[in-house]
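Below are the chains, spelled out letter by letter.
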Amino acid sequence: MTPFLLLFVALATASPVKRQAASLDIDGDGVLSRPEVLNGMTLTQALIAGDAGDGNGFFNRPQALNYISADLFNTLDVDNDNRLSFAEVLSRVTLGDIFDSYDTNGNGQLEGPERNRITAIYNAIVATNTAQPLQIGFLDANGDGRLSKPEVVNTITMDQALLSADEDGDGLFTKEQALTTIDEAAFNRLDTNHDNQLSFDEIKTGFTIEDVFTQRDVNGDGFLVGDEAQTFHVMYYGILVHNQPALLAATPLDTNGDGILSRPEVQQVDLQAAMQAADTDGDGLFSKDQAVAVLGEDLFNQLDTNGDNFLSFAEVNQGITMDTLFDLNDANGDGVLTGPETLTIINMYDSIQAISINTK
């Protein structure tokens, strides 16, 4: 059994009184309503948290059947490879659909075993620090909780997106695969040779990242929030997973070149320098949103000793070391950081190097 499945079983079979349940159960009545669940988490968060064990961007059949029925799995597996990509899930199912499937008695709320399943997913989200999805990959550069077109197009290129999404490496997307991201009208326009599949060249000739943004901006306000932004969060996560070996190969932190980060390698990072690099406005404080994205809400609340909803450098230093950050990012508890587990540490290190270069 994979480390994530062990985590899932442990959470799902634990006491009904969950440590994080209060965050979902807003009115404290012991049951979860549909609005409480839909306002408390997103399907993208759940997918990323569930993928923390191996970080490969997919769920095989046994993993997926912890969440959904076999019939739904077969419906979602459009390329019949016996696994589900994030895009396959997000294009055909919503968090509301998951809620309804768990609500076995159809009374519009989750209680008992029904409640435990969704709470286990939420706990996994908190455990893997994905409670602030817009911080993943630093797409939301200004931290305003939404994605602007410049934030997206300055971070993601079409080549990156295509390479990371091309699961079998053949340079082609079937119609079923393509329709997880674009609509049928766009597919028909791009399929210039009418072979019912899209090559990289066909896509790049007639479609841009800006076009994807515009298509997803359903209310036309120039920003992506909530469900509108999911496509780009999943796209960027896929890029990170695809490029992970290159990221590790490029960082001096991986001193022995084994493709993983050990605790001693992480301890090389200067926490004080990392805080200074992250403190872009120079006020010596981190907002709750900034801190929770890295530390999680429970640890933030422990460190915020004066209750001002900010963390000062002094408050961070009282409770955080690089060892703490190593443990927070070691989602599967195997004693090393691999795949997406390494991203926070690598970003910290790169930020320090960027500041050092810019001040020379």
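Residues numbered from 1 in each chain as written. Predicted model: local features only at pLDDT ≥ 70, side-chain atom pairs only at ≥ 80, totals over all residues. Heavy atoms only, no water.

Novice: Give a detailed account of the overall build of the chain, specifying residues and quantitative values.
Specialist: A tally of regular secondary structure across the chain gives 23 helices and 10 strands. Taken across its 360 residues, the chain has 45% of its residues classed as buried. For the chain, long-range pairs separated by at least 24 residues make up 61% of all intrachain contacts whose partners lie at least 6 apart in sequence. Accessible surface computed for the chain: about 16,900 Å², of which carbon and sulfur atoms make up 53%. (Helix = DSSP H or I, 4+ residues; strand = E, 2+ residues; numbered from the N terminus. Buried < 20%, exposed > 50% of the residue type's maximum accessible area, 1.4 Å probe, protein only. Contact = heavy atoms within 4.5 Å. Areas by Shrake-Rupley, 256 points an atom, 1.4 Å probe, with all protein chains shown as cover.)

Novice: Which residues make up the side chain of Glu36, and what values do they have?
Specialist: Inspection of the secondary structure assignment puts Glu36 in helix 3 (residues 34-40). Despite its burial, Glu36 pairs with no opposite charge, the nearest such side chain being Arg115 at 7.6 Å. Reaching out from Glu36, the side chain makes a polar contact with the backbone nitrogen of Ser33 at a distance of 2.9 Å. Look past the residues within four positions of Glu36 in its chain and what remains in contact with it is Leu24, Asp25, Ile26, Asp27 and Val31. (Lys, Arg positive; Asp, Glu negative; His and termini not counted. Salt bridge = Lys/Arg side-chain N within 4 Å of Asp/Glu carboxyl O. Polar contact = N/O pair within 3.5 Å; in protein donor to acceptor, adjacent residues only side chain to side chain.)

Novice: Before we move on, could you go through unusual backbone geometry and cite the residues and values that matter?
Specialist: A positive phi angle is found at His194, which is not glycine, with a value near 55°. Within the secondary structure, His194 sits in the loop between helix 13 (184-190) and strand 7 (197-199). Of note, Asn309 is a non-glycine position whose phi angle comes to about 70°, a positive value. Counting through the fold element by element, Asn309 comes out in the loop between helix 20 (297-303) and strand 10 (310-312).

Novice: Please set out helix 8 (residues 95-102) residue by residue, giving values where relevant.
Specialist: All of the buried residues along helix 8 are Leu95, Gly96, Ile98, Phe99 and Tyr102. Buried residues of helix 8, viewed axially, fall in a sector of 160°; they line one side. (Arc of directions from axis to C-beta.)

Novice: Mind laying out the packing of aromatic side chains, listing which residues take part and the relevant values?
Specialist: Under the defined criterion, the tally for this structure stands at 4 aromatic pairs. Both rings, one in Phe173 and one in Phe200, keep their centres 5.8 Å apart while their planes meet at 20°; by these two values the pair is stacked. One end of the pair, Phe173, is in strand 6 (residues 172-174); the other, Phe200, is in helix 14 (residues 200-206), with 27 residues separating them in the sequence. On the basis of relative accessibility, which here comes to 8%, the residue Phe173 falls in the buried class. Note on Phe200: relative accessible area 17%, which makes it buried. Of note, Arg146 hangs over the ring of Phe223, and the distance from its end group to the ring centre comes to 3.5 Å. (Phe/Tyr/Trp six-rings, centres within 6.5 Å; stacked < 30°, edge-to-face > 60°. Lys NZ or Arg CZ within 6 Å of the ring centre and 35° of its normal.)

Novice: Explain the confidence of the model for the chain to me, and be specific about the residues and the numbers.
Specialist: Chain-level statistics for the chain give a pLDDT mean of 77 and a share of 81% at 70 or above. Scored below 50 in pLDDT, residues 1-22 makes 33 contacts in the model with residues more than four places away or belonging to other chains. Predicted confidence for residues 129-137 stays below pLDDT 50, and this span has 29 contacts to residues more than four positions away or in other chains. (pLDDT = per-residue confidence, 0-100.)

Novice: Describe helix 4 (residues 43-50), naming the residues involved and giving the relevant values.
Specialist: Buried residues dominate helix 4, accounting for 8 of its 8 residues. Within helix 4, the full set of buried residues consists of Leu43, Thr44, Gln45, Ala46, Leu47, Ile48, Ala49 and Gly50.

Novice: With reference to specific residues and values, describe the nonpolar core.
Specialist: If you look at the biggest cluster of nonpolar residues, it comprises 31 residues, and the most contacted ones within it are Met41, Ile68, Ile118 and Ile121. Of all the secondary-structure elements, those providing two or more residues to this core are helix 4, helix 6 (70-76), helix 7 (86-90), helix 8 and helix 9 (113-127). Ranked by size, the runner-up nonpolar core spans 27 residues in total, among them Leu261, Val292, Leu299 and Leu325. (Core = buried A, V, L, I, M, F, W, Y, C linked by side-chain atoms within 4.5 Å.)

Novice: An account of the pattern of salt bridges is requested, with residue identities and associated values reported.
Specialist: Across all of its chains, the model carries 6 salt bridges by this definition. Salt-bridge contacts for Asp327 lead to Arg263; the nearest nitrogen and oxygen are separated by 2.6 Å. Taken as a pair, Asp327 in helix 22 (residues 322-329) and Arg263 in helix 17 (residues 263-266) lie far apart in primary sequence, 64 residues in all. Overlapping salt bridges bring together Arg263, Asp323 and Asp327 as one network.

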